[in-house]
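The residues making up each chain are set out below.
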Number of protein chains: 2
Amino acid sequence: MTTTFLTEQIHLKKSFLCIGLDVDLTKIPAHLLDAEDPIFEFNKAIIDATHDLAVSFKPNTAFYEAYGIKGWMALEKTVNYINANYPEIFTIADAKRGDIGNTSSMYAKAFFEDLAFDSVTVAPYMGKDSVEPFLEFEDKHTILLALTSNVGAFDFQTQNVDGATLYQKVLETSQTWKNASQLMYVVGATKASYFGEIRQWVPDNFLLVPGVGAQGGNLQEVCAQGLNKNVGLLINSSRGIIYAGNGADFAVQARAEAFKLQTEMAAILAERY
Amino acid sequence: MTTTFLTEQIHLKKSFLCIGLDVDLTKIPAHLLDAEDPIFEFNKAIIDATHDLAVSFKPNTAFYEAYGIKGWMALEKTVNYINANYPEIFTIADAKRGDIGNTSSMYAKAFFEDLAFDSVTVAPYMGKDSVEPFLEFEDKHTILLALTSNVGAFDFQTQNVDGATLYQKVLETSQTWKNASQLMYVVGATKASYFGEIRQWVPDNFLLVPGVGAQGGNLQEVCAQGLNKNVGLLINSSRGIIYAGNGADFAVQARAEAFKLQTEMAAILAERY
């Protein structure tokens with residue numbers, strides 16, 4: 001999928017919402033646990049109920065790997081279901097991978113070919129040759145961790161590296177890599193005050209923004225500094241939407257929460273574009 | 001597994017060799033491709049042929065994920081086979097994971113409980129709360145990326161952070177985290193000249209050292225500076241051993257290569273301890 005198409009979808013749906021499919025069997029409605037594949041049944045219900053309010057779905061691979069083979073099968077079924085039924089959706093494998101060159105190539109193959117995701121999140125610590133194998137895939141996107149939403153972001157990411165912060169260094173250095181236009185970046189909503197300077201360094205790239213909702217990030221503050229001419233933001237909410245309800249009507253409850261965020265986004269878009 | 005037990009095994013086997021099980025279906029002997037599970041059959045043959053010469057096996061998860069469900073099943077069968085037949089072996093899931101706290105907990109569950117590995121490699125970029133969930137598991141080990149073997153290590157890891165390098169900062173900061181004694185570190189053999197100063201910062205922790213063999217690292221140089229009172233090194237070789245042969249006798253060829261490294265290690269141990 002091209003970013004041009006993604007921006008068109010955002011304007012069409014009046015939404016730049018990404019829904020995080022972080023499925024925990026201890027939190028989903030009890031009646032689903034009898035299904036043959038509870039994780040997929042849960043995802044399917046959430047996707048069907050919210051696909052018109054969101055432009056992206058983002059399964060975090062940790063939640064699938066924790067259930068072994070069954071989890072991996074549920075992940076495969078989920079992305080296949082989205083691709084078959086809602087091909088306009090931008091799919092993100094939130095995998096935070098990254099390894100030496102030949103190994104990163106295997107990860108890229110896993111997520112772009114075997115699972116057919118549109119994008120994958122990648123950690124920058126190992127540098128250029130760990131990221132470029134992902135960037136080789138045409139119309140696929142590599143979402144590099146820059147400034148994450150957790151407290152640990154202050155351990156290394158905001159440290160001073162030769163007059164700049166480490167995350168600034170990651171943003172600026174990665175812009176020199178091959179196919180850098182296919183890069184997006186993770187920037188946490190809990191770091192809203194940083195978006196202004198980040199847009200100076202990467203004015204054109206999409207930012208994937210977790211941390212709205214359960215983690216306390218504020219949508220208005222992020223948008224004030226983070227939007228660019230192509231919108232350029234994907235705001236993720238996971239727990240706040242998918243666990244909005246815990247009964248038979250959980251998907252309806254999830255839709256209601258997604259609708260609240262989408263309504264807020266529609267107003268922001270109307271004002272800005 | 002405790003590090004005390006691991007050190008005992010090293011002295012018993014006169015080896016601190018770790019064999020990387022990075023299985024690529026385009027490189028394994030053609031006759032195995034007819035097997036029901038070629039990846040597992042390959043691993044089983046390599047493990048049976050070399051288990052007495054190595055103290056550790058390290059599957060890199062990328063090579064398994066690239067084959068989807070079948071790959072994940074092969075990974076599970078491989079670690080189960082090692083645990084059932086050679087419980088004295090220290091198993092490493094080379095997964096380079098790391099995410100916000102509740103998500104890292106899911107990864108830790110995946111690798112320590114579902115797959116029952118002794119250790120997992122973790123990327124440090126997201127800081128303390130992304131790593132501590134792994135450290136909560138007793139007698140399990142978290143192997144943090146510090147100075148990796150690839151060229152990209154110079155993009156960020158060796159950059160100057162307030163008078164120190166980033167990887168020094170990672171080593172020193174992580175030593176203040178809860179259960180830091182369960183930390184090990186990845187330091188590439190291609191960076192042999194750095195081991196002296198690294199041992200000043202982390203004198204006691206084990207170092208997992210990839211990059212001997214195909215990547216050009218030198219065993220003698222690494223050992224000269226890297227050994228500590230408990231040996232403290234696991235030297236990994238992947239391609240140099242597992243792809244030593246490509247015919248019916250591939251496991252014999254792999255054993256011969258492992259034997260060369262083990263013989264060299266035995267001499268080093270005899271001289272030092």
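What you see is a predicted model, and the numbers here were worked out from it, not measured in a lab.

> For the overall build of chain A, give the residues involved together with the corresponding values.
In terms of regular secondary structure, chain A is built from 11 helices and 10 strands. Against the globule reference of 19 Å for 273 residues, chain A gives a C-alpha radius of gyration of 18 Å, in line with a compact fold. C-alpha atoms of chain A, sized along the principal axes, occupy 55 × 45 × 35 Å. Here chain A holds 273 residues, and the buried ones make up 64% of them.

> Quick one: what's the story with the side chain of Asn43(B), residue by residue and with numbers?
All names here are of chain B. With respect to the helices, strands and loops of the structure, Asn43 is situated in helix H2 (residues 38-50). Residue class for Asn43 comes out buried when judged on its relative accessible area of 0%. Once you skip the residues sitting within four places of it in the chain, Asn43 turns out to touch Leu21, Val23, Tyr64 and Thr78.

> I'd like a rundown of the sheet that holds strand S9 (residues 207-209) of chain A, residues and numbers included.
What links the strands of a sheet is backbone hydrogen bonding, and the strands pair in either a parallel or an antiparallel sense. Residue and element names in this part refer to chain A. With parallel pairing, 8 strands are arranged side by side around a closed barrel as S1-S2-S3-S4-S5-S8-S9-S10. When the angles between neighbouring strand axes are averaged without regard to direction, this sheet yields 30°. Of the strands in this sheet, strand S1 (17-21), strand S2 (56-59) and strand S3 (90-97) touch helix H4 (residues 68-85), which is tilted by about 150° from S3.

> Go over the environment of Leu33(A), please, and point to the residues and values.
Residue and element names in this part refer to chain A. The topology assignment puts Leu33 in the loop between S1 and helix H2 (38-50). Take Leu33: its relative accessible area is 41%, and that puts it in the partly exposed class. Along the chain, Leu33 and Phe57 lie 24 residues apart, while their C-alpha atoms are 22 Å from each other. Those residues within four positions of Leu33 in sequence are excluded, and the remaining contacts are Leu25, Ile28 and Pro38.

> Run through the interface of chain B and chain A, naming residues and quoting values.
As a measure of interface size, the accessible area lost when the parts come together is often cited. Listed per partner, the contact involves 57 residues of chain B and 58 residues of chain A. Here chain B meets chain A over a buried area of about 5,000 Å², counting both sides, of which 61% is carbon and sulfur. If you sort the residues of chain B by the area they bury against chain A, Met106(B), Tyr125(B) and Phe156(B) come out on top, with a joint share of 18%. At the surface where chain B touches chain A, the tally comes to 4 salt bridges. As a salt-bridge pair, Asp99(B) and Lys96(A) come within 2.8 Å of each other at their nearest N and O atoms. Of all the secondary structure elements, the ones that give two or more residues to the side of chain B that touches chain A are helix H3 (61-65), helix H4 (68-85), strand S3 (90-97), helix H5 (101-114), helix H6 (128-135), strand S5 (141-147), strand S6 (160-161) and helix H7 (166-174) of chain B. It is H5(B) that contributes the most residues to the side of chain B that touches chain A, 8 residues altogether. Of the residues in the side of chain B that touches chain A, the class split is 26 nonpolar, 17 polar and 14 charged.

> Give a detailed account of the relation of the copies chain B and chain A, specifying residues and quantitative values.
For the pair chain B and chain A, the relating rotation is 180°, the translation along its axis is 0.0 Å, and the fit reaches an RMSD of 0.0 Å. What we have between these two chains is a two-fold relation. Every residue of chain B has its C-alpha some distance from the rotation axis, and the shortest such distance is that of Val161(B), at 2.3 Å. A shared interface surface links the copies, since 100% of the contact residues of chain B are contact residues in chain A too.

> Describe the confidence of the model for chain A, naming the residues involved and giving the relevant values.
When pLDDT is averaged along chain A, the result is 96, and 100% of the positions lie at 70 or above. The complex model carries a pTM of 0.97, and its ipTM stands at 0.95.

> Can you explain helix H1 (residues 3-13) of chain B? Please cite residues and give values.
Residue and element names in this part refer to chain B. Every buried residue belonging to H1 is among Leu6, Thr7, Gln9, Ile10 and Lys13, and all of these are buried. Taken end-on, H1 shows its buried residues confined to a sector of 155°, consistent with a single buried face. Away from its buried face by more than 90 degrees, H1 exposes Thr4 and Leu12. Summarising the contacts, the buried residues of H1 are in contact with S3, strand S8 (183-187), strand S10 (233-237) and helix H11 (250-272). Count one or two residues on from H1 and you reach Lys14, which has phi positive near 50°.

So, how was this worked out
Residues numbered from 1 in each chain as written. Chains lettered and ligands numbered in written order. Predicted model: local features only at pLDDT ≥ 70, side-chain atom pairs only at ≥ 80, totals over all residues. Heavy atoms only, no water. Helix = DSSP H or I, 4+ residues; strand = E, 2+ residues; numbered from the N terminus. Rg over C-alpha atoms; globule rule 2.2 N^0.38 Å. Buried < 20%, exposed > 50% of the residue type's maximum accessible area, 1.4 Å probe, protein only. Contact = heavy atoms within 4.5 Å. Pairing = 2+ DSSP bridges. Axes fitted to C-alpha atoms, helices over the stretch in contact; angles between N-to-C directions. Buried area = accessible area lost by both parts, 1.4 Å probe. Salt bridge = Lys/Arg side-chain N within 4 Å of Asp/Glu carboxyl O. Nonpolar A, V, L, I, M, F, W, Y, C, P; charged D, E, K, R; others polar. Least-squares fit on C-alpha atoms with pLDDT ≥ 70 in both. pLDDT = per-residue confidence, 0-100. Arc of directions from axis to C-beta.

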